[in-house]
Amino acid sequence: MHSTLKLTVSHAPFWHNGSSISTKSRNILLASLVAVIPGCYQYGMAAVGVVTLSIASAILWELLINFISRRPISVGDGNAALIGMMFAMMLPATMPWWAVITGTFFAVVIGKEIFGGIGANPFNPAVLAMTILMLSWADLFDFNAALLNYQFDFKAVYPLVLSKTFGASAVDPFALMDLLFGKQIGGIGSTFGIGLIAGGVYLILRGFVRWEISFSFLVGIFVSALCFNILNPEAYAGPGFHLLTGYTLIGAFFLATEDSSSPVNFIPMLIYGLLGGALTVLIRNIGTHIDGVLYAILIINLVNPIVDKIRPKALGKGV
Amino acid sequence: MIKRSFFGLVKPKLQYEIIDEAQAEPVRIKPGKQIMLYIDQPDENAGNALFKIGDPVKSGQKVTLSDGSADYLLSSKSGQISKISPFVGILGKKSTSLTIDVDGESSQSRDESFKSACQAPSLENARDFLAGLPGKPDFNVFFDSEKPVKAIVVLGADDDLLGITNQYFVKNNIIAIKTGIELLCKITGISHAILIVPQQLEQVAGSSGAIIKTVDSEYPSAHPELIMQHMLASEDVDAKSKSGIAFFSSEAVCAIGAAYTTGKFFLEKMVTFVSKDGNKRLVSVPIGTPLQDILNEFNETLNDGDRVVFGGPMKGVSVFSTDTPVMPDTDTIIIQDKRQITEGSDIACINCGECVRVCPANIQVNQLIRFLEAGQYEEAADQHDLFSCIECGFCSYVCESRIPVFQHIKLAKHTLESMKAAEESNA
Ligand code: SF4
Ligand code: SF4
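The following refers to the structure shown. Owing to the predicted nature of the structure, the values given are computational and were not obtained by experimental measurement. (Residues numbered from 1 in each chain as written. Chains lettered and ligands numbered in written order. Predicted model: local features only at pLDDT ≥ 70, side-chain atom pairs only at ≥ 80, totals over all residues. Heavy atoms only, no water.)

Below, the discussion takes up empty space enclosed by the protein. Residue and element names in this part refer to chain A. Tallying each qualifying case throughout the model produces seven cavities of 30 Å³ or more. Volume-wise, the largest cavity comes out at about 310 Å³. As for the largest cavity, its lining consists of 25 residues, and the residues nearest its centre are Ile-28, Asn-79, Leu-82, Glu-258 and Asp-259. Listed by contribution, the elements that provide at least two residues to the lining of the largest cavity are helix H1 (21–43), helix H3 (79–90), helix H5 (125–136) and helix H12 (248–255). Partitioned by chemical class, the residues of the lining of the largest cavity number 14 nonpolar, seven polar and four charged. (1 Å grid on protein atoms, 1.4 Å probe; cavity = no way out; pocket = protein on both sides within 12 Å on 5 of 7 lines; lining within 4 Å. Points joined across faces, edges and corners; volume = space filled by probe spheres on them. Helix = DSSP H or I, 4+ residues; strand = E, 2+ residues; numbered from the N terminus. Nonpolar A, V, L, I, M, F, W, Y, C, P; charged D, E, K, R; others polar.)

We now examine a negative patch on the surface. Residue and element names in this part refer to chain B. On the surface, a cluster of negative charge is made up of Glu-378, Glu-379, Asp-382, Glu-423 and Glu-424. When residues of the negative patch are traced back to their parent elements, those giving at least two are helix H11 (377–383) and helix H13 (405–426). Considering each element in turn, the negative patch owes the most residues, three residues, to H11. Mapping Glu-379 onto the fold places it in helix H11. By relative accessible area, which is 32% here, Glu-379 ends up partly exposed. (Patch = residues over 30% accessible without salt bridge, like charges linked within 9 Å, V, L, I, M, F, W, Y side chains within 5 Å. Areas by Shrake-Rupley, 256 points an atom, 1.4 Å probe, with all protein chains shown as cover. Salt bridge = Lys/Arg side-chain N within 4 Å of Asp/Glu carboxyl O. Lys, Arg positive; Asp, Glu negative; His and termini not counted. Charge placed at Lys NZ, Arg CZ, Asp CG, Glu CD. Buried < 20%, exposed > 50% of the residue type's maximum accessible area, 1.4 Å probe, protein only.)

It is worth spelling out the packing of aromatic side chains at this point. All names here are of chain B. According to the stated counting rule, one finds 18 aromatic pairs over all chains in the structure shown. Aromatic side chains Tyr-38 and Phe-87 sit 4.3 Å apart centroid to centroid with 40° between the ring planes, which places their arrangement in the tilted category. Separated by 49 residues along the polypeptide, Tyr-38 in strand E2 (residues 34–39) and Phe-87 in strand E6 (residues 79–88) bring together distant segments of the chain. Residue classification places Tyr-38 among the buried residues on the basis of a relative accessible area of 18%. According to the relative accessible area criterion, Phe-87 is partly exposed, its value standing at 25%. Ring pairing ties together the aromatic residues Tyr-16, Tyr-219, Phe-394 and Tyr-397, which thus form one cluster. Its end group placed over the ring of Tyr-72, Lys-62 keeps NZ or CZ at 4.4 Å from the ring centre. A cation over an aromatic ring shows up here: Arg-281 above the ring of Phe-298, its NZ or CZ 4.2 Å from the ring centre. (Phe/Tyr/Trp six-rings, centres within 6.5 Å; stacked < 30°, edge-to-face > 60°. Lys NZ or Arg CZ within 6 Å of the ring centre and 35° of its normal.)

Further remarks concern the interface of chain B and chain A. As a measure of interface size, the accessible area lost when the parts come together is often cited. Contacts between chain B and chain A engage 66 residues on the former and 43 residues on the latter. One can count two salt bridges joining chain B with chain A. Two residues, Glu-400 of chain B and Lys-24 of chain A, come together in a salt bridge whose shortest N-O distance is 2.8 Å. Our enumeration of links across chain B and chain A arrives at 28 residue pairs in polar contact (both at pLDDT 80 or more). Put simply, the parts of the chain that give the side of chain B that touches chain A at least two residues each are helix H6 (224–233), strand E14 (307–310), strand E15 (317–318), helix H9 (354–358), helix H10 (365–373), helix H12 (394–398) and H13 of chain B. (Contact = heavy atoms within 4.5 Å. Polar contact = N/O pair within 3.5 Å; in protein donor to acceptor, adjacent residues only side chain to side chain.)

With that settled, the discussion passes to a nonpolar patch on the surface. Residue and element names in this part refer to chain A. On the surface, Trp-211, Phe-215, Phe-266, Ile-267, Ile-271 and Ile-310 cluster together into a nonpolar patch covering about 560 Å² of accessible area. Where the nonpolar patch is concerned, the elements lending two or more residues are helix H10 (211–231) and helix H13 (266–286). Positionally, Trp-211 belongs in helix H10.

Let us look at the environment of Val-141 of chain B. Residue and element names in this part refer to chain B. As for its position among the elements, Val-141 is in the loop between helix H2 (123–129) and strand E8 (151–155). A relative accessible area of 26% means that Val-141 is categorised as partly exposed. Along the backbone, Val-141 and Ser-207 are 66 residues apart, and their C-alpha atoms lie at a distance of 27 Å. Not counting chain neighbours up to four residues away, the residues in contact with Val-141 comprise Lys-147, Val-149 and Ala-246.

As structure tokens, then:
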């Protein structure tokens, strides 16, 4: 009798394209390694320590929340690990262990879980945590002081500090090529420009991040930096410098593109990116902060729900 | 199953199946011992029903539960009713299944009541006799005085993936389609007939005498709703009368033509049968034949956890049992191995936007799903375009969180509609 046969019954559709959150997280982690490994090479075991601690503690925070809130274990989707990685990429290698763990607490618990977990966070969790930490312990992020004990074969000064305090001519010694190949100090995974670009392009080609956001973010930086530069080439560094220093590249490819806090429609994505880029340069050039990427990203995260309302009309609803 | 391509920069694409130049002739499945007819009516008046267990049924005879009901089927074989049982279908719909023990090949008898009706073809006798033909033609649209039908659209393309049933008739039976269309135009008095075909069949379709429109090969362009929108936009029909279009499948048109010219019903359904290994065959099956008979023909075995889909992979319905019969609108049957099934999940939406970018109705699915998951169906309908959805299933197909979005949508629509119906009946 075939009545004992237990067929699977479910709702249409009966196909799925096979994508999943864990595949996405895995690929973004993979792409970030291209920038993180050279960083670790540059800063040694201390950097490896920061990265692994950050990832591990991010996962543990999420597990803890899973237990406390009695929700299914969600660390398997790799999102917590990804947040840990993103966070570590922005840190200097000298970050003390307690600051790393506090940071991932802010990222995972305050940045994501209290909003309802994955997909519900209005801000990029890693960026939020970074800004909280920067406001609380500013001296930990003084890259010049932090990395004093390292020997580099290049000018060991945080480039954005130079341009900020001494104007555009001070950054002349930085050849763009050197910046591109990570010959600058900064966060563990934020300085190796070519690696970030390669990782970003990989993610774009595979469709894991939306090119519209990365592209328009970079265009926003380029155009606004160019404007400043043309107006006053003495005081303001050129667009190439802005594109390759600070958190610009990691911001464009890895941070601004975080799913939950970015728009999904075409025109909103462009506005979001352009605005982010322009704000970055504004903050860098006329604000009081040294780097503007993180604040710019928080601000565009904030306007995301509003810009994402610009969208085509649904079928059958007016013209 | 079509998976996401390695490069994901471009929008995911799902291509319709295109019938092969050398498509093998359909395999004819011989009638088995029993056929089953599912009637869309609850078995409420079991006592005074038109049919009782033991009643004889002739082939071509109308089988229904109450007189004059629009819900009837045509028995494809003659025999004796051996079982009548209620069952609950998708979304709690109450139906009745009638099992008929089929007479031997030599003692088949035919119901002749259509013989006289076919002398004077009319919309009324089409409605009363032909709605049980393969392809399930719907004539009720012509009787809605509020929305006069302005055009007849014949679907010569299949509107779900994998299926080639409709294309088969365009490719091999265009003359029958021509006859059918002429008859339809005659009985409805509508001269505007359009035949929708995939590009590859444009040439063949030309001899149908109808206006030919092609649809492209990407899902869901052959979706009737999209075709309708397209036609409304191009002002082929009066934009104000929204439902002023009657859709027929090419198979139904052939069957209608044949019924009026011969006075006999052709009650074999053409089905695209896709076995576990992905092999596609056309089969011609008497309506009501249980799936098991087809499985036996091809030595296809099923195990626990496998899935059987009636209809295409995007819009079909999965069934509980291999006893499920082939119905007049079963265009495709797909057998899926357990290992081919992607499980859904209850992870929240991560706002990746894939669904928004594929939705043909421009719905902000990422917003919509939040309201649906929270059960806020009215907000979903008022502010998030729930009713613009044409039910193509594409959003579930691409969802990175593997949320059963389409199921949420169907449930929400159903809930709202039944609430509305309840309100109206109370008023
Ligand atoms: S089923 Fe999904 S993709 Fe298709 S129209 Fe509806 S919301 Fe859009
Ligand atoms: S595809 Fe799924 S996870 Fe992505 S936005 Fe749509 S509903 Fe959310």
